[in-house]
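Next come the chains, spelled out residue by residue.
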Amino acid sequence: MNEIIDFFHDYQTIITVVVIAVVAIIFDRLLRLSMNKFFGNSSRILRADFTKYILLKNAVSFIIFMVATGLIVYNIPALRKISLTLFAGAGIFAAIIGFASQQAFSNIISGIFIVIFKPFRVGDVIDVGPQESGIVEDITLRHTVIRSWQNRRIIIPNSIISSETIVNSSIQEELTCEHAEIGISYDSDIEVACSAIEKLVAELPKYIDARTEEEKKEGNPLVKTRVVRYDDSAIIIRAYLWASDAVSAFILKTEYYRHIKKRFDEVGVEIPFPHRTIVMKEQKADEKK
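Residues numbered from 1 in each chain as written. Predicted model: local features only at pLDDT ≥ 70, side-chain atom pairs only at ≥ 80, totals over all residues. Heavy atoms only, no water.

1. Side note on the packing of helix α7 (residues 190–203) against helix α9 (residues 246–267)
Right, on to step 1. Axis separation between α7 and α9 bottoms out at 10 Å; the angle between their running directions is 135 degrees. The angle between α7 and α9 places the two elements in the oblique class. Like other packed secondary-structure pairs, α7 and α9 cross with a definite hand, here right-handed. Between α7 and α9, the contacting residues are Val192, Ala193, Ala196, Ile197, Lys199, Leu200, Val201 and Glu203 on the first element and Tyr256, His259, Ile260, Arg263, Phe264 and Val267 on the second.
Right, on to step 2. In the contact of α7 with α9, the residues fall into 10 nonpolar, 1 polar and 3 charged. (Axes fitted to C-alpha atoms, helices over the stretch in contact; angles between N-to-C directions. Helix = DSSP H or I, 4+ residues; strand = E, 2+ residues; numbered from the N terminus. Parallel < 35°, antiparallel > 145°, perpendicular 65-115°, else oblique. Left-handed = near helix turned anticlockwise from the far one by under 90°. Contact = heavy atoms within 4.5 Å. Nonpolar A, V, L, I, M, F, W, Y, C, P; charged D, E, K, R; others polar.)

Shown next as structure tokens:
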């Protein structure tokens, strides 16, 4: 009789645990869908930043699953006994948990600071340190997800990304200026080369006229070029390429390099390349002997 009671009791416990887990998952999904719809509409109407809502959704999900975990532990007698034993030695337990969770709390605090101070937002194009770059896709309580230009996801803990130097190409305004440098030979005409560059850049579809009204009245050129230095075998000319955003600026720069050689060939401007002169010395008469 006791075995039958124990069986039904265990069976009831299993059902309770499964029901708690399923309810938590369904409730979390429904709540996230509702929040997505509500916050999405609010962001468009109020023109508010969507980043803060993403962190709020992740925090709500964390709370839901923490509550569900607590209920599951409470409904399983064995786990309940273990938890009571652990809480009996709360001092040691707290010290262990505190030491083990330092990094986790650091990531959470850093994530909150990111949302408050907004060095970047979801959808921004950023460079993190000297290596990683891409579009911010998500900001969770623990980490930030960046979609790289190779369509890979870069997962960076919030505490690390907060300590890095971040170049944000989308903050304030997205208008971007790329510097494209190319060398011409010392035999080439600098004015002809600059004129060819300016005409080519003006014809490229993604180039934007970034001059102010005052600069237009003063007659500043549509495309700016500068001679920036003299190298050992080339005169370096820099073109300033303006585009609507960082991605368009990158494409504009590649199109510039794609067409510039043909344009230089048409106007007789040479792009230098390394030359080597080999001198063959004749062997002296006494060395021949």
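2. A closer look at the sheet that holds strand β2 (residues 132–139)
Right, on to step 1. Sheet architecture is open: 5 strands sit in the order β4-β3-β2-β1-β5, paired in antiparallel fashion. With one partner strand each, in any of the chains shown, β4 (153–157) and β5 (166–168) form the two edges of the open sheet. Within the sheet, the average angular offset between the axes of one strand and its neighbour, ignoring direction, is 40 degrees.
Right, on to step 2. Summarising the sheet, strand β1 (residues 125–128) and β5 pair through 3 bridges and their orientation is antiparallel. Opposite Ile126, over in β5, you have Asn168 as the bridge partner. (Pairing = 2+ DSSP bridges.)

3. A word on helix α5 (residues 102–117)
Right, on to step 1. Counted at 1.5 Å a residue, the expected span for α5 with its 16 residues is 22 Å, and the 22 Å between its end C-alpha atoms agrees.
Right, on to step 2. Two residues or fewer past α5, Lys118 is found with a positive phi of approximately 55 degrees. (Expected span 1.5 Å × (residues − 1).)

4. Some details on the side chain of Arg238
Right, on to step 1. Relative to the elements of secondary structure, Arg238 occurs in strand β8 (residues 235–243).
Right, on to step 2. Among the polar contacts made by the side chain of Arg238, one reaches the side chain of Glu181 at a distance of 2.7 Å.
Right, on to step 3. Contact partners of Arg238, with chain neighbours within four places excluded, come to His179, Ala180, Glu181, Lys224, Thr225, Arg226 and Val228. (Polar contact = N/O pair within 3.5 Å; in protein donor to acceptor, adjacent residues only side chain to side chain.)

5. Focus: the environment of Ala68
Right, on to step 1. Position of Ala68 relative to the elements: it lies in helix α2 (residues 51–75).
Right, on to step 2. Residue Ala68 is classed as buried on the basis of its relative accessible area of 8%.
Right, on to step 3. With 44 residues separating them in the primary sequence, Ala68 and Ala24 have C-alpha atoms 6.3 Å apart.
Right, on to step 4. Sequence-distant contacts of Ala68, that is, excluding residues within four places in its chain, are made with Ile20 and Ala24. (Buried < 20%, exposed > 50% of the residue type's maximum accessible area, 1.4 Å probe, protein only.)

6. Points about α7
Right, on to step 1. Here α7 is 14 residues long and its end C-alpha atoms lie 20 Å apart, about the 20 Å a rise of 1.5 Å per residue gives.
Right, on to step 2. Three or more residues of α7 are buried, namely Ile190, Ala193, Cys194, Ala196, Ile197, Leu200 and Val201. Projection of α7 onto a plane perpendicular to its axis shows the buried side chains occupying an angular sector of 160 degrees, all on one side. What points out from α7, more than 90 degrees from its buried face, is the exposed set Glu191, Lys199 and Glu203. (Arc of directions from axis to C-beta.)

7. A closer look at the pattern of salt bridges
Right, on to step 1. Evaluated as defined, the whole model comprises 14 salt bridges.
Right, on to step 2. Residue Glu178 pairs with Lys253 through a salt bridge whose shortest N-O separation is 3.6 Å. Residue Glu178 is found in strand β6 (residues 176–184), and its partner Lys253 is found in helix α9; the two are separated by 75 residues along the sequence.
Right, on to step 3. On the basis of relative accessible area, Glu178 is assigned to the partly exposed category, the value being 22%.
Right, on to step 4. Here Glu266 ties to Arg263 by a salt bridge, and the two come within 3.6 Å at their closest N and O atoms. (Salt bridge = Lys/Arg side-chain N within 4 Å of Asp/Glu carboxyl O.)

8. Re a nonpolar patch on the surface
Right, on to step 1. On the surface, Ile14, Val18, Val22, Ile26, Leu30 and Leu33 cluster together into a nonpolar patch covering about 560 Å² of accessible area.
Right, on to step 2. Following the sequence through the fold, Ile14 ends up in helix α1 (residues 2–46). (Patch = residues over 30% accessible without salt bridge, like charges linked within 9 Å, V, L, I, M, F, W, Y side chains within 5 Å. Areas by Shrake-Rupley, 256 points an atom, 1.4 Å probe, with all protein chains shown as cover.)

9. Looking at the side chain of Ser185
Right, on to step 1. Within the element layout of this structure, Ser185 appears in the loop between β6 and α7.
Right, on to step 2. Side-chain polar atoms of Ser185 contact the side chain of Ser188, separated by 2.9 Å.
Right, on to step 3. The residues contacting Ser185, other than those within four sequence positions of it, are Ser233, Ile235, Glu270 and Pro272.

10. Concerning the nonpolar core
It is characteristic of soluble globular proteins that their nonpolar side chains tend to be buried jointly.
Right, on to step 1. The biggest cluster of nonpolar side chains holds 24 residues, and the ones touching the most others in it are Ile184, Ile197, Val201, Leu241, Tyr256, Ile260 and Phe264.
Right, on to step 2. Broken down by secondary-structure element, the contributors of at least two residues to this core are β6, α7, β8 and α9.
Right, on to step 3. By residue number, the principal contributor to this core is α7, which donates 7 residues.
Right, on to step 4. Listed in part, the 10 residues of the second largest apolar core include Ile114, Phe120, Ile126 and Val128. (Core = buried A, V, L, I, M, F, W, Y, C linked by side-chain atoms within 4.5 Å.)

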